[in-house]
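Survey of secondary and tertiary structure
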Amino acid sequence: MTMDLNRRSLIAGSLALGAAGVALPSMAFAQSAGQKNLMFVLLRGASDGMAMLAPTGDPDFEALRPSAFEDYNAAQRADSFFAIHPAFTQVGSAYASGEALFVHAAATAYRERSHFDGQNLIETGAAQPYATRDGWLNRLIGMMGDGDGARHPSALAIAPTLPLALRGDAPASSYAPSSLPEASDAFMDRVGLMYQDDPQLGGLWSRALETQAMAGDDGLRNLRDAAAAGELAASLMRDTDGARIAMMELGGWDTHANQRGAYNRVAGQLDALLGAYRSGMGAAWQDTLVVVATEFGRTARYNGTNGTDHGTASAALMMGGAVRGGRVIADWPGLREADLYENRDLRPTIALENVLAGSIADHMRLDPQLAMAMLFPGREGTPTSGILRA
């Protein structure tokens, strides 16, 4: 049913972190013209879509996961057929207010089950893992600066290293809270003088200083507090001179054993982060799109340790004041043995790349077909429309 390393590269990478430090989890930002905000949240480890949004209306769901079925007895409903995981209280609030939707039974073009390959594909946007070295978010930044003499927007990562999705020709720097003492002004000045005539390193250093000034005294020493991380992201984006594009990545979704407890913990962290980000954005939330996705899903049935193994289709989450929410987009494949992909996984019926290209193009006012060709080359199909408010 359909419901709505050469030495220079090493130095450049180090400079991107030099003014700030390291963090866990990681985030990335890019600045562009206009006031539309985009955050891409990558759930590393293959998040279980049927835990995020349980198909309780499917008669075969309880048989596949009898021990988990009771978790959704009093859970918030979504389109009557689905139930939202109880840990997603903030997400559920956004869904109820029409500011969140789910896309279920979605997957990238990848059909194997390697974390490394799957994450490479979802970050590069290529049709095959390792087919390209740049990331689709970096190419998006380039698109937003093309034409009419517009300046390509700069990019910022909060991470020990720049996420692959943001690597490419568009320049990038980074920010991360650190417990290390701050460098003296004299030291910072000497480093600036050292690199000011270098066309690559000088630009990286300047952007690092700009980012540090934008972050100010955030009071954080790391990003283990999910709510604080969400508020930090909002503080770097909500102002008119703030970042316009963000990427965050959260691990912990590889739930091979005791999934109910493990998923509840990590889902609660994601919910706190998204809730704090939503609250912290203030009025800018109305011009914000948040996309939450993962490299692939989990097996439909529990294994012998009450966990799930690497699967195929999963669920994506879209949030923001720009989203026409309160609904589930799905072409539900069913959970009978014959309906499962390779007799084990939720069968993919929606191309995740189409959803990303269509929604982001609409939000950033780009041509959808061009966005599809540039961000996710080699794909067939039409970019998904109708996710955002008219």
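First, a word on scope: everything that follows refers to the structure included in this document. (Residues numbered from 1 in each chain as written. Predicted model: local features only at pLDDT ≥ 70, side-chain atom pairs only at ≥ 80, totals over all residues. Heavy atoms only, no water.)

What about the sheet that holds strand S6 (residues 82-84)?
Rule in force here: Whether two strands pair depends on DSSP finding at least two bridges between them. Numbering of helices and strands starts at the N terminus; helices are DSSP runs of H or I of at least 4 residues and strands are runs of E of at least 2.
Spatially, 3 strands are ordered S4-S6-S5 in an open sheet, and the strand pairing comes out antiparallel. Of all strands in the sheet, those with a lone pairing partner are strand S4 (53-54) and strand S5 (77-78), marking the two edges. Pairing analysis gives 2 bridges linking S4 to S6, with the strands arranged antiparallel. Bridged to Ala 54 within S6 is Ala 83.

Description of the pairing of strand S3 (residues 37-43)
Rules: Each residue's exposure class comes from its accessible area (1.4 Å probe, protein chains only) as a fraction of the maximum for that residue type: buried when under 20%, exposed when over 50%, partly exposed otherwise.
Burial analysis of S3 places 7 of its 7 residues in the buried class, the great majority of the element. Covered by surrounding structure in S3 are Asn 37, Met 39, Val 41 and Leu 43 together with Leu 38, Phe 40 and Leu 42, the residues of both alternating faces. Bridging between S3 and strand S11 (residues 288-294) involves 7 bridges; their strand directions are parallel. Bridge pairing in S11 links Leu 42 to Ala 293. Of the strand pairs in this sheet, S3 and strand S10 (residues 245-250) are connected by 6 bridges, and their pairing is parallel. From the neighbouring strand, Leu 42 faces S10, where its bridge partner is Glu 249.

Some thoughts on the environment of Arg 113
To be explicit about the condition: The criterion used for residue contact is that any of the two residues' heavy atoms lie within 4.5 Å. Pairs of N or O atoms within 3.5 Å make up the polar contacts considered here, provided that, within protein, one atom can donate a hydrogen while the other can accept it, and that residues adjacent in sequence are counted only when both atoms are side-chain atoms.
Within the secondary structure layout, Arg 113 lies in the loop between strand S7 (100-107) and helix H6 (115-124). As for Arg 113 and Thr 312, which are separated by 199 residues in sequence, their C-alpha atoms are 7.4 Å apart. In this view, Arg 113 contacts Phe 296, His 310, Gly 311, Thr 312, Tyr 341, Glu 342, Arg 344 and Asp 345; residues no more than four positions away in its chain are not counted. At 2.6 Å, the side chain of Arg 113 forms a polar contact with the side chain of Asp 345.

A few points about helix H11 (residues 259-281)
The following threshold applies: For a helix, the expected span equals 1.5 Å multiplied by the residue count minus one.
Helix length check: H11 (23 residues) gives 32 Å between terminal C-alpha atoms against 33 Å at 1.5 Å per residue, within 8%. The first or second residue beyond H11 is Gly 282, which carries a positive phi of 60°.

What about the packing of helix H5 (residues 89-96) against H11?
Counted only if it meets this: Angles shown run from 0 to 180 degrees and are taken between the N-to-C directions of axes, each axis being a line fitted to C-alpha atoms and, for helices, limited to the stretch in contact. For classification, angles of less than 35 degrees are called roughly parallel, those exceeding 145 degrees roughly antiparallel, those between 65 and 115 degrees roughly perpendicular, and all remaining angles oblique. Note on residue classes: Ala, Val, Leu, Ile, Met, Phe, Trp, Tyr, Cys and Pro are nonpolar, Asp, Glu, Lys and Arg are charged, and everything else, Gly too, is polar.
H11 packs onto H5 with a crossing angle of 50° between their chain directions and a minimal axis gap of 7 Å. Comparing their axes, H11 and H5 come out oblique. Facing H5, whose interface residues are Thr 89, Gln 90, Val 91, Ser 93 and Ala 94, H11 presents Asp 271, Leu 274, Gly 275 and Arg 278. When the residues that make up the contact of H5 with H11 are grouped by side-chain class, the tally is 3 nonpolar, 4 polar and 2 charged.

Focus: H6
Because the α-helix completes a turn every 3.6 residues, residues three or four places apart line up on one side. Most of H6 sits out of view: 8 of its 10 residues are buried. What H6 keeps buried is the set His 115, Gly 118, Gln 119, Asn 120, Leu 121, Ile 122, Glu 123 and Thr 124. Turning to H6, the residues buried within the fold contact S3, helix H7 (136-145), S10, S11, helix H12 (352-364) and helix H13 (368-375). The first or second residue beyond H6 is Gly 125, which carries a positive phi of 80°.

Let's talk about the packing of aromatic side chains
Filter applied, for reference: Within 6.5 Å between ring centres, the rings of Phe, Tyr and Trp (the latter by its six-membered ring) count as paired, and their orientation is classed by plane angle as stacked under 30 degrees, edge-to-face over 60, tilted in between.
Under the criterion given, the structure shown has 11 aromatic pairs. Taken together through their ring pairs, the aromatic side chains of Phe 40, Trp 136 and Phe 376 make up a single cluster.

With respect to the pattern of salt bridges
Applicable threshold: By definition, a salt bridge exists where a carboxyl oxygen of Asp or Glu is found within 4 Å of a side-chain nitrogen of Lys or Arg.
Per the stated rule, a full pass over the model turns up 16 salt bridges. Salt-bridge contacts for Asp 345 lead to Arg 113; the nearest nitrogen and oxygen are separated by 2.6 Å. With Asp 345 in the loop between strand S13 (327-331) and strand S14 (350-351) and Arg 113 in the loop between S7 and H6, this pair connects stretches of sequence that are 232 residues apart. The exposure class assigned to Asp 345 is buried, which follows from its relative accessible area of 0%. Of the charged contacts, one joins Asp 339 and Arg 336 as a salt bridge, the two residues approaching to 2.9 Å between their closest N and O atoms.

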